[in-house]
Every structure is written in C-alpha cells, then in structure tokens.
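Here's the letter readout for the chains.
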Amino acid sequence: MKDNFTIAVDFDGTIVKDAYPKIGKPMIFAFETLKALQADGHRLILWTYRDGKRLEEAVDFCKENGIIFYAVNKSYPEEIYTEKISRKINADYFIDDRNIGGLKQWGEVYQQFMGGSAPASATTKKKNWFGF
C-alpha cells in the first residue's frame, strides 16, 4: 500500500494481551509494526473502551514504548465530543481483536500495509473458532 491511511487501533487484546483493568504484556511485533506504520506516514488513532485513569495508563504505556497517537478515542486531536456527533471514529482501517476471524498476527498487519516481509514466526496463522 502506497497511500497514507488513518488507522484506528484497539488497546486491550490488540496492542497488549487482554488483562483489563491492568495492562497486559505487549503482543509480539505490535509496537514494532505500529512504529513502522507511523514512520511510513500513516496516522494512528488509539480506539479503546478505556477512559479516565485507565485510558491515561494505556496512552502512557504506548508512549513509553515509542508510540504517540495522532488522536485518542476521537477522529482528530481537536475533536470535542458532544451528544450531537457520532462516537464512531473516522478511520480508513481498524485493527481490533474483535474482528470476525480474530486479530491478524502483527507480522501479517505489517506485510499488508508495508508490503515487506516479516519474520516467519510473526506470520504463523492460528485457526479461529470456526476452524479456518
């Protein structure tokens, strides 16, 4: 992919293993892939159920791991939420563990956006609940 996209990324179960309300361990290749996406000019939005102190903890954790998001739980940094607008994030792509078929391995996400190769261990496909 050559275009630059806005990509909304979930936190719990996607960037880190789900341990809510705690912060789980980083998913393999998650931060490396997010850094590569940012370096390639893509805008990343943190799109998570977390709010308040728990949201601050997630944002700080990502910052400590080299990721500063374009926006957090909104479509652009200046957006002010009111009941008059949708809570849906305006993004080109969403990376979330709740996708039908589950979360792709981060190596596959890297390949899809960057067109490069990732280590074979990063692209091993796991079977989902339906067996494919």
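Refer to the structure printed above.
Now for a look at the structure at hand. Remember, predicted model here, so these are calculated numbers, not experimental data.

Rules used in this analysis
- Residues numbered from 1 in each chain as written.
- Predicted model: local features only at pLDDT ≥ 70, side-chain atom pairs only at ≥ 80, totals over all residues.
- Heavy atoms only, no water.
- Helix = DSSP H or I, 4+ residues; strand = E, 2+ residues; numbered from the N terminus.
- Buried < 20%, exposed > 50% of the residue type's maximum accessible area, 1.4 Å probe, protein only.
- Contact = heavy atoms within 4.5 Å.
- Polar contact = N/O pair within 3.5 Å; in protein donor to acceptor, adjacent residues only side chain to side chain.
- Pairing = 2+ DSSP bridges.
- Axes fitted to C-alpha atoms, helices over the stretch in contact; angles between N-to-C directions.

1. Some words on the overall build of the chain
Reasoning step 1: When you go through the chain residue by residue, the secondary structure sums to 3 helices and 4 strands.
Reasoning step 2: Tracing the chain from N to C terminus, the helices and strands come up as β-α-β-α-β-β-α.
Reasoning step 3: Relative to its full complement of 132 residues, the chain shows a buried share of 35%.
Reasoning step 4: Restricting to contacts in the chain with at least 6 residues of sequence separation, those with at least 24 account for 65%.

2. Some points on the environment of N99
Reasoning step 1: Mapped onto the elements of the fold, N99 is located in the loop between strand 4 (93-95) and helix 3 (106-114).
Reasoning step 2: Side-chain polar atoms of N99 contact the backbone oxygen of D96, separated by 2.7 Å.

3. Focus: the sheet that holds strand 4
Reasoning step 1: Read across the open sheet, the 4 strands follow the order 3-2-1-4; overall the sheet is parallel. Two strands in the sheet have a free side with no partner beyond their single neighbour: strand 3 (71-72) and strand 4.
Reasoning step 2: Across the sheet, helix 3 is in contact with strand 1 (6-9) and strand 4; its angle to strand 4 comes to roughly 165°.

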